[in-house]
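The lines below spell out each chain.
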Amino acid sequence: MARGTSPQAAAPPHAEDETAGEANVRSAAFSGGVNISGGHRKKAAGVKSWLVLHSTGQAQVVEAEKHAIMRRTGLPARDLRILDPLLSYPSTVLGRERAIVTNLEHIKAIITAQEVFLLNSRDPLVIPFIDELERRILRIIRPPSRW
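Not measured: the values here are computed from a predicted model.

Enquirer: Lay out the layout of surface pockets in plain terms, naming residues and giving numbers.
Expert: Size it by volume and the second largest pocket reaches roughly 230 Å³. Lys48, Lys66, Leu80, Arg81 and Asp84 are, among the 13 residues lining the second largest pocket, the residues nearest its centre. For the lining of the second largest pocket, the elements supplying multiple residues, two or more each, are β2 (48-54) and α3 (66-73). Residue classes in the lining of the second largest pocket are distributed as 7 nonpolar, 1 polar and 5 charged.

Enquirer: Outline the pattern of salt bridges, supporting the account with residue identities and numerical values.
Expert: Scanning the model with the defined rule gives 4 salt bridges in all. Here arginine 72 and glutamate 115 are joined by a salt bridge, their closest N and O atoms 2.4 Å apart. Within this pair, whereas arginine 72 is found in helix α3, its partner glutamate 115 is found in strand β7 (residues 115-119), the two being separated by 43 residues in sequence. Judged by relative accessible area, glutamate 115 falls into the buried class, the value being 12%. The shortest N-O distance in the salt bridge between arginine 96 and aspartate 79 comes to 2.7 Å.

Enquirer: Pulling in residues and values, what's your account of a nonpolar patch on the surface?
Expert: On the surface, Val93, Ile100, Leu104 and Ile111 cluster together into a nonpolar patch covering about 300 Å² of accessible area. Among the secondary structure elements, isoleucine 100 is positioned in strand β5 (residues 100-104). Given the relative accessible area of 35%, isoleucine 100 is considered partly exposed.

Enquirer: Account for unusual backbone geometry, with residues named and values stated.
Expert: Phi is positive for glutamate 105, close to 55°, though the residue is something other than glycine. On the basis of relative accessibility, which here comes to 63%, the residue glutamate 105 falls in the exposed class.

Enquirer: Account for the nonpolar core, with residues named and values stated.
Expert: Ranked by internal contacts, the top residues of the largest apolar core, which has 17 residues, are Trp50, Ile69, Leu80, Leu83 and Ile110. The element contributing the most residues to this core is α3, with 3 residues. In this structure, Leu51, Ala59, Val116 and Ile137 belong to the second largest nonpolar core, which totals 12 residues.

Enquirer: Please set out the packing of aromatic side chains residue by residue, giving values where relevant.
Expert: On inspection of all chains with the given rule, the structure shows 1 aromatic pair. Ring geometry for tryptophan 50 against phenylalanine 117: centres 6.2 Å apart, planes inclined by 85°, an arrangement best described as edge-to-face. Here the residue tryptophan 50 occupies a position in strand β2, and phenylalanine 117 occupies one in strand β7, the gap between them amounting to 67 residues. Taken as a pair, tryptophan 50 and phenylalanine 117 share a single burial class, namely buried.

Enquirer: Please give an account of the pairing of strand β3 (residues 59-64) that cites residues and values.
Expert: In this structure, β2 lies alongside β3, joined through 6 bridges in antiparallel fashion. Residue pairing for β3: leucine 51 is matched across the bridge by valine 61.

Enquirer: Residue-level account of helix α5 (residues 127-141), with values.
Expert: In this model, α5 (15 residues) spans 21 Å end to end at C-alpha, consistent with the 21 Å of a helix rising 1.5 Å per residue. Those residues of α5 that fall on the buried side of the exposure criterion are Ile127, Ile130, Asp131, Leu133, Glu134 and Ile137. Take α5 and look down its axis: the buried residues cluster within an arc of 165°, on one side only.

Parameters and conventions
- Along every chain, residues carry numbers that run from 1 in the direction the sequence is written.
- Per-residue local features of the predicted model are confined to residues with pLDDT of at least 70, and side-chain atom pairs are confined, for both listing and counting, to 80 or more; whole-chain, interface and lining totals are unaffected and use all residues.
- To get the side-chain values, all heavy atoms of the structure are used, and hydrogens and water are removed first.
- Here the term cavity refers to a set of points on a 1 Å grid, laid over the protein atoms alone, in which a 1.4 Å probe fits but cannot get out; the term pocket refers to an open set having protein on both sides within 12 Å along at least five of seven lines, with lining residues being those that place an atom within 4 Å of a point.
- Grid points are joined across faces, edges and corners, and a volume is the space filled by probe spheres set on the points.
- Elements are defined by DSSP. Helices are runs of H or I of four residues or more, strands are runs of E of two residues or more, and each kind is numbered from the N terminus.
- Just so you know the grouping, Ala, Val, Leu, Ile, Met, Phe, Trp, Tyr, Cys and Pro go in nonpolar, Asp, Glu, Lys and Arg go in charged, and all remaining residues, Gly too, go in polar.
- Salt bridges are defined by distance alone: a side-chain nitrogen of Lys or Arg within 4 Å of a carboxyl oxygen of Asp or Glu.
- When accessible area is computed with a 1.4 Å probe and restricted to protein chains, residues below 20% of their type maximum are described as buried, those above 50% as exposed, and intermediate ones as partly exposed.
- Each patch is built from residues lacking any salt bridge and having more than 30% relative accessible area; the joining distance is 9 Å for like charges and 5 Å for nonpolar side chains (Val, Leu, Ile, Met, Phe, Trp, Tyr).
- Note on areas: Shrake-Rupley with a 1.4 Å probe; residue coverage comes only from the protein chains shown.
- Among buried residues, those of type Ala, Val, Leu, Ile, Met, Phe, Trp, Tyr and Cys that are joined through side-chain atoms within 4.5 Å constitute a nonpolar core.
- Note on aromatic contacts: the rings of Phe and Tyr and the six-membered ring of Trp form a pair at centre separations within 6.5 Å, being stacked when their planes are under 30 degrees apart, edge-to-face when over 60 apart, and tilted otherwise.
- Strand pairing is assigned whenever DSSP identifies at least 2 bridges connecting the two strands.
- Helix span is expected to be 1.5 Å times the residue number reduced by one.
- The reported arc concerns the directions from the helix axis to the C-beta atoms and nothing else.

Following this line, the structure appears as structure tokens:
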């Protein structure tokens, strides 16, 4: 095993059931390994899968390391620590200049003006939240007709 890696970092949770994640993110354009930090490379320690819901209604799963998320959201590393599943934090909502960071039991998210970044998107307890969030985003984009 390489120095600085752990068995948990080598395989993401639920890696054996990739098709379940695709079914759970029904409206997502599942990209299966888009790396928002730039190039294509093997999954390294600290790279996590995020479901990104855009304000346009599009959704996609991306793999990103902490520094890429920090650049994209404008958050410091200390704010991302509350989302770490290995650390024990109580339910938390942090309001920052460019983002809101939430850790509410199973829902771990970063909310910006244009995107919502969700961890644990394949967790069955998070799926109803994702469905409702997608419905609300689509309702804003395409309001129901009055007639």
